[in-house]
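Fold and geometry: a report
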Amino acid sequence: MAEYKKEGRLKALIVTGCLAQRYQKEIMEEIPEVDAVLGTTSYHRIVETIEEALAGNGHVELDDIDALPLVDSKRLVTTGGHFAYLKIAEGCDKHCTYCIIPKIRGNYRSIPMEKLLKEAEELAEQGVKELILVAQETTLYGKDLYGEKSLSKLLRELCKINGIRWIRLLYCYPEEIDDALIQVMKEEKKICHYLDLPIQHANDTILKRMGRRTSKQQLEKIVKKLRQEIPDIALRTTLITGFPGETQEQHEELMEFVDEMEFDRLGVFTYSPEEDTKAAEM
């Protein structure tokens, strides 16, 4: 893109998101063609930034990492129209040892329920049939705002919206799945019997090194409970292989666990070190 800018085939070059938040100085120094850098909480400034860039005024715009930008304009659906993601929170408080997200996206902060319901209603008016709830972690929704986990309450309200036919849940941390969530999934017909619960590993030593909050026994218990309560549930999970210190025996234990649990969907990623994380120093 910088080459296009040099050739005059590009009017402005703006860098946004996680990389921009983390390496803004390096980006401006190493790629002089960049007109502006927008951090993770500055996306509500995109229009004025484009105008500034087109006028030849380059700048870096980084708002407070723990800010919660609330955009008033209607969302543009870019997922094809029949489904849309509904982001219910920003940031994360978990601080897993391999993860940089808290440092570039801030602490966990829920988006107010009335804002989410308004956004969901507007999406339904645009023809969206399926809402996919996302956050760094959806299961903790509302604890910071309302003093208690409120995902089940949010789901009940979303189910009342005409036009929405399916609601799907992603990124549910296993230790935070409670009876209230299971109950609402059983009772509300619009909620898909599908759950994405990232576990990352099944060996207790590796889980501890990762800074995870569950043991192998607890993981087995929650999977068993979900299948007892919702027999037709489809479970998806993600794993990290090759974490620092992982032995062949620990890896084989993980593979045996996967065989026993019979997950319906599985994403496996080889460990990659993230600068400024504890795991990168292991």
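Residue indices follow the written sequence of each chain, beginning from 1 at its first position. Predicted model: local features are reported for residues with pLDDT of at least 70 only, side-chain atom pairs are reported and counted for 80 or more only, and whole-chain, interface and lining totals are derived from all residues. In computing side-chain properties, one takes all heavy atoms of the structure into account and sets aside hydrogens as well as water.

Some words on the pattern of salt bridges
Heads up, the rule is: By convention in these notes, a salt bridge is any Lys or Arg side-chain nitrogen within 4 Å of a carboxyl oxygen on Asp or Glu.
Counted under the stated rule, the structure contains 27 salt bridges. Through salt bridges with shared partners, one network takes in Lys94, Glu137, Lys149, Glu175, Glu176 and Asp178.

Describing the side chain of threonine 97
For clarity, the cut-off: Secondary structure elements are defined from DSSP: runs of H or I of at least 4 residues count as helices, runs of E of at least 2 residues count as strands, and each element is numbered from the N terminus. Only protein chains enter the accessibility calculation, which uses a 1.4 Å probe. A residue is then buried if its area is under 20% of the maximum for its type, exposed if over 50%, and partly exposed in between. Contacts are assigned to residue pairs that have any heavy atoms within 4.5 Å of one another.
With respect to the secondary-structure elements, threonine 97 resides in the loop between strand S5 (89-90) and helix H5 (101-105). We classify threonine 97 as buried; its relative accessible area is 10%. When sequence neighbours within four positions are dropped, the list of residues in contact with threonine 97 reads Arg209, Met210, Gly211, Phe243, Thr277, Lys278, Ala279 and Met282.

Considering the sheet that holds strand S9 (residues 191-196)
So the rule is basically this: For two strands to be treated as a pair, DSSP must find at least two bridges joining them. Simply put, an axis is a line fit to the C-alpha atoms, just over the touching stretch for a helix, and the angle between two N-to-C directions goes from 0 to 180 degrees.
One open sheet accounts for six strands, arranged S4-S7-S8-S9-S10-S11; its pairing is parallel. Bordering the open sheet on either side are strand S4 (83-87) and strand S11 (265-270), each of which pairs with just one other strand. Taken over all neighbouring pairs, the strand axes of this sheet differ in orientation by 20 degrees on average, direction set aside. Bridge count for S9 against strand S10 (residues 234-241) is three bridges, and the pairing is parallel. Across the sheet, the residue bridging to tyrosine 194 is alanine 234, located in S10. Here helix H6 (residues 113-125) sits on the sheet in contact with S4 and strand S7 (130-134), set at roughly 170 degrees to S4. Here helix H9 (residues 179-187) sits on the sheet and contacts strand S8 (166-169) and S9; the angle it forms with S9, its principal contact strand, is near 140 degrees.

Brief notes about the nonpolar core
So the rule is basically this: Residue types Ala, Val, Leu, Ile, Met, Phe, Trp, Tyr and Cys, when buried and joined through side-chain atoms within 4.5 Å, form a set referred to as a nonpolar core.
Counting 52 residues, the largest nonpolar core has Leu131, Leu133, Leu154 and Leu158 as its most contacted members. Sorting elements by how many residues they give to this core places H6 first, with six residues. Among all residues touching leucine 158, those that are not within four sequence positions of it are Leu86, Leu117, Ala120, Leu131, Leu133 and Ile167. Core analysis: the next-biggest nonpolar cluster, separate from the first, contains eight residues, Cys96, Met210, Ile240 and Tyr271 among them.

Overview of H6
Heads up, the condition is: Given the number of residues in a helix, its expected span is that number minus one, multiplied by 1.5 Å.
The terminal C-alpha atoms of H6, which comprises 13 residues, lie 18 Å apart, in line with the 18 Å expected from a rise of 1.5 Å per residue. Listed in full, the buried residues belonging to H6 are Met113, Leu116, Leu117, Glu119, Ala120, Glu122, Leu123 and Ala124. Looking at the buried positions of H6, the neighbouring elements they touch are S4, S7, helix H7 (143-146) and helix H8 (151-159). The first or second residue beyond H6 is glycine 127, which carries a positive phi of 100 degrees.

Quick notes on the sheet that holds strand S2 (residues 36-38)
Within a sheet, adjacent strands bond to each other through the backbone by hydrogen bonds, running parallel or antiparallel. Spatial strand order, S1-S2-S3: three strands in an open sheet with parallel pairing. The sheet is open, and its two borders are formed by strand S1 (14-16) and strand S3 (59-61), each paired with just one other strand. Going across the sheet, the axis of each strand differs from the next one's by a mean of 10 degrees, ignoring polarity. Summarising the sheet, S1 and S2 pair through three bridges and their orientation is parallel. When the bridges of S2 are listed, valine 15 appears paired with valine 37. Running at roughly 155 degrees to S1, helix H4 (residues 46-54) makes contact with S1, S2 and S3 of the sheet.

Some thoughts on the environment of phenylalanine 269
By the element assignment, phenylalanine 269 lies in strand S11. A sequence separation of 28 residues divides phenylalanine 269 from threonine 241, and the C-alpha atoms of the two residues are 6.2 Å apart. Aside from chain neighbours lying at most four places away, what touches phenylalanine 269 is Thr238, Leu239, Ile240 and Thr241.

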